[in-house]
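# Architecture and fold: a report
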Amino acid sequence: MLLQVSNISKNYGIDVILSDITMQVLERERIGLVGVNGAGKSTLLKIIAGELSYDSGAIHKAKETRIGYLAQNSGLQSNRTIEQEMRAVFSHLTDAEKELRDLEQQIADPALHDNPKRYEEILDRYSRKSDWFREQGGFEINTRINSVLHGMGFGQFPADTMINTLSGGQKTRLALARILLQAPDLLMLDEPTNYLDIPTLTWLEGYLRGYSGAILVVSHDRYFLDALATTIIEIERRAAKRYTGNYSRYIELKAAEYESDMKQFEKQQDEIAKMEQFIQRNIVRASTTKRAQSRRKALEKMDVLDRPLGDLKKARFSFEIERQTGKDVLDVADLSVKFPEKDRQLFQHVSFQLSRGETVALIGPNGIGKSTLLKVLVGQREPQTGTVRWGSNVKLGYYDQEQTGLTPSNTVLEEVWGTYPHMEEARIRTVLGNFLFSGEDVLKRISSLSGGEKARVSLAKLMLEQANVLILDEPTNHLDLFSKEVLESALLDYDGTLLFISHDRYFLNKMAERIVELTPAGTEHFLGNYDDMMEKKTELEEAKLEAAAKLASKSSGQPVVEAPTSYELDKQAKREERNRIRKLEQLEQEIASHEEQIAELEVQLTDPAIFNDYMAIQEIQAKIEGKRALLSTAYEQWEQLSE
């Protein structure tokens, strides 16, 4: 065990943030810490890292355990170059390397050979230091630095780039790169996936899966948690609960747990009701008073279960439209944007169309110009070349990830009501209540809100706009996992046209019907969601390699043997796997149906009305046997497919 947190509590004045939090972290464990915004996840990480005090409880860790903590959006502040900052992580090794070079010079000095004892001491010291240097990875310093910098998107940056010239997002990524190089025994990361593009996210997942230490990560990225976490710790209602498995498994376990708890609660409530009825009927009758009193004592001693609390209150909203657009919604032709002040071409030759009712995702690496492209579409920026033509009856709704449309000095109520002054205050308050702003919350200043709260204010304004075309720039940023699910549901039910930017691969998989990938040379188009796009890219890469192999065979004079490509074999395997999963799901539904029908028939056998009806009992028993035979067959097929 690397770390033990026991009964930690934390209050801010009268507000209880954490209460009796108990958890442990084992070696090489990958823990995802989840909960709604404001649940206390970041507070808990700061307490463990020693950056925040706690009111009660204890934290135990071994003396040799090194903890590394990266706070949310904590950019690296430094006057060094990128190379200097990264090499500073290995200062103990570079110092050792200098010492080794010094010892080598001493060994090479002929004068030392005249002192055999001193010569042996220097050789022994050099041998021990050299072994230690090798064991600590001293010979891999450059490889490790280059690998991490390349993975975090700094592969093309000159080594002498000054850190203070980088953007905020780049400084955040560099801070993450540095802590990965430090390789602490327990790596604690608070929302490390914020503002990372998909290639960087994919690299980070692979790196962390092979990480030698333990990981405790706060994240609202479901794809990331599914790929990395082996344990989920949920903070809800100020308490912590542990679940084994990744995020998807946690959702299943939590739902099953609630269902089981509810059944136990309802069963006990039925039992209590029957006992109370028996007591009321029999307490006054002399012949049954003792039995009634006995039941009363049993009832008083009973450990009465509380009703399961279920999920916390979620935001509730939907996007409605006043009227439909025409069939052709948007035509973008040969668009390009250049930054004159930097003399840099951002993108060019961008062309795509939107039709009514489509849901299209716009993706691409950080810095390629996705947000700038959306600003061009909504008229906030002029393109260098190209045209943007909107169709008929288009009413645009734009969600800006930077929340620049919010006025910091306004209260939440003023912000929304000021945009829609014709609406009654009661209506505005109802809408804000649906977005979890109730009571005094509506009087909070925009400037004091968290990122998630600002996102909910912007979504409330967007919902009231009743736009038939939504342009969304990273709508899931800052939202907790539960708010993301609500947003997905609202957008899936939306009758208008949707164009959105996202690096959330789960969101892309659930929402996108088509993907437009922005590149410096233009756009690439893919039908389907994120997984479909990756499959198509693999297919194209396989085809390219196959064509190159054929060309090489022809040029060498070797006969070309046509054989199934690895892509074709992989595609066939995937098709068979999908068929297997589909059949498994059908069998699971059949099994559930058979079990339910058997249970219903068994209940019929307990009906007093048929106790004396021998023929009816025989008929029901025959049906039960028939259903059990079908159930047995279904189970056998399920087991065969599951192997």
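Residue numbers here run from 1 along each chain, matching the order of that chain's written sequence. pLDDT decides what is reported in this predicted model: residues at 70 or higher carry local features, side-chain atom pairs at 80 or more are listed and counted, and totals for whole chains, interfaces and linings draw on all residues regardless. Just so you know, side-chain values use all the structure's heavy atoms and leave hydrogens and water out.

An unreviewed UniProt entry annotates the protein chain as ABC transporter ATP-binding protein YdiF originating from Paenibacillus glycanilyticus.

Turning to the overall build of the protein chain, a few remarks are in order. The numbering of helices and of strands both runs from the N terminus, where a helix is a DSSP run of H or I of at least 4 residues and a strand a run of E of at least 2. Across its full length, the protein chain holds 19 helices and 18 strands. Two things to know: the radius of gyration comes from C-alpha atoms, and the globule rule equals 2.2 Å times the number of residues to the power 0.38. Computed over C-alpha atoms, the radius of gyration of the protein chain comes to 32 Å, more than 25% over the 26 Å expected from 2.2 N^0.38 for 643 residues, which places it beyond the range of a compact globule. With the C-alpha coordinates of the protein chain rotated into their principal frame, the extents come out at 115 × 80 × 75 Å. Under the scheme applied here, a residue whose accessible area is under 20% of the maximum for its type counts as buried, over 50% as exposed, and between as partly exposed, the area being computed with a 1.4 Å probe on protein chains only. Burial status across the protein chain gives 41% buried among its 643 residues.

Relative to the helices and strands, alanine 96 resides in helix H3 (residues 91-108). Contact between two residues is taken to exist if any of their heavy atoms lie within 4.5 Å; hydrogens are not considered. Apart from residues no more than four positions distant in its own chain, alanine 96 is found in contact with Lys129, Trp132 and Phe133.

Here a cavity means grid points, on a 1 Å grid over the protein atoms only, where a 1.4 Å probe fits yet cannot get out; a pocket means an open set of points with protein on both sides within 12 Å along at least five of seven lines; lining residues are those with an atom within 4 Å of a point. Grid points are joined across faces, edges and corners, and a volume is the space filled by probe spheres set on the points. This model, assessed by the stated rule, comprises two cavities of 30 Å³ or more. Around the largest cavity sit Leu70, Ala71, Gln72, Asn73, Thr172, Arg173, Leu176, Asp190, Glu191, Pro192, Asn194 and Leu196, which together line it. With three residues, the single largest contributor to the lining of the largest cavity is helix H6 (residues 168-182). Gly is put with the polar residues, along with every residue not named as nonpolar or charged; the nonpolar set is Ala, Val, Leu, Ile, Met, Phe, Trp, Tyr, Cys and Pro, and the charged set is Asp, Glu, Lys and Arg. When the residues that make up the lining of the largest cavity are grouped by side-chain class, the tally is five nonpolar, four polar and three charged.

A sheet is described by the order of its strands in space; here three strands give the open sequence E2-E1-E4, paired in antiparallel fashion. Only two strands of the sheet have a single partner each, and these edge strands are strand E2 (15-25) and strand E4 (56-61). The mean angle between the axes of side-by-side strands here comes to 20°, regardless of whether they run parallel or antiparallel. When DSSP locates at least two bridges between a pair of strands, those strands are taken to pair. When strand E1 (residues 3-12) meets E4, the two strands line up antiparallel, connected through five bridges. What sits directly across from valine 5, in E4, is isoleucine 59. To define axes, lines are fitted to C-alpha atoms, for helices over the stretch in contact only, and angles between the resulting N-to-C directions are given on a 0 to 180 degree scale.

This part takes up the UniProt feature "domain: ABC transporter" (unreviewed entry) in the protein chain. UniProt positions are given in the numbering used here, feature names are shortened, and annotations may be inferred rather than shown by experiment. What UniProt calls "domain: ABC transporter" (unreviewed entry) maps, in this numbering, to residues 3-263 and 330-545. Split by type, residues 3-263 is 44% helix and 22% strand. Its first and last C-alpha atoms lie 36 Å apart.

To pair, rings of Phe, Tyr and Trp, with the six-membered ring standing in for Trp, must have centres within 6.5 Å; the planes then decide the type, stacked if under 30 degrees apart, edge-to-face if over 60, and tilted in the middle. Following the criterion strictly, the structure yields eight aromatic pairs and no others. For the ring pair phenylalanine 319 and tyrosine 494, a centre distance of 6.3 Å and an interplane angle of 80° mean the geometry is edge-to-face. Of the two residues, phenylalanine 319 is situated in the loop between helix H10 (289-301) and strand E10 (328-339) and tyrosine 494 in the loop between helix H15 (481-492) and strand E16 (497-501); the sequence distance between them amounts to 175 residues. For the pair formed by phenylalanine 319 and tyrosine 494, the shared burial category is buried. Ring geometry for phenylalanine 500 versus phenylalanine 507: centroids 5.2 Å apart, planes at 80°, classification edge-to-face. Accessibility assignment for this pair places phenylalanine 500 and phenylalanine 507 in one class, buried. An aromatic cluster is built from Tyr243, Tyr247 and Tyr250, whose rings are joined through pairwise contacts. In this structure, lysine 129 packs its charged tip against the face of tryptophan 132, placed 5.0 Å from the ring centre. Sitting above the plane of the phenylalanine 278 ring, arginine 295 keeps its charged end 4.1 Å from the centroid. Ring-over charges, as used throughout, are those where CZ of Arg or NZ of Lys falls within 6 Å of the ring centre and within 35 degrees of the ring normal.

Turning to its location among the elements, serine 336 is positioned in strand E10. Judged by relative accessible area, serine 336 falls into the buried class, the value being 5%. Pairing of N or O atoms within 3.5 Å defines a polar contact, subject to two protein rules: one partner must be a possible hydrogen donor and the other a possible acceptor, and residues neighboring in sequence count only if both atoms are side-chain atoms. Within polar-contact distance, the side chain of serine 336 engages the side chain of threonine 385 at 2.4 Å. Ignoring any residue separated from it by four or fewer positions in sequence, one finds serine 336 in contact with Gln345, Phe347, Gln348, His349, Pro383, Gln384 and Thr385.

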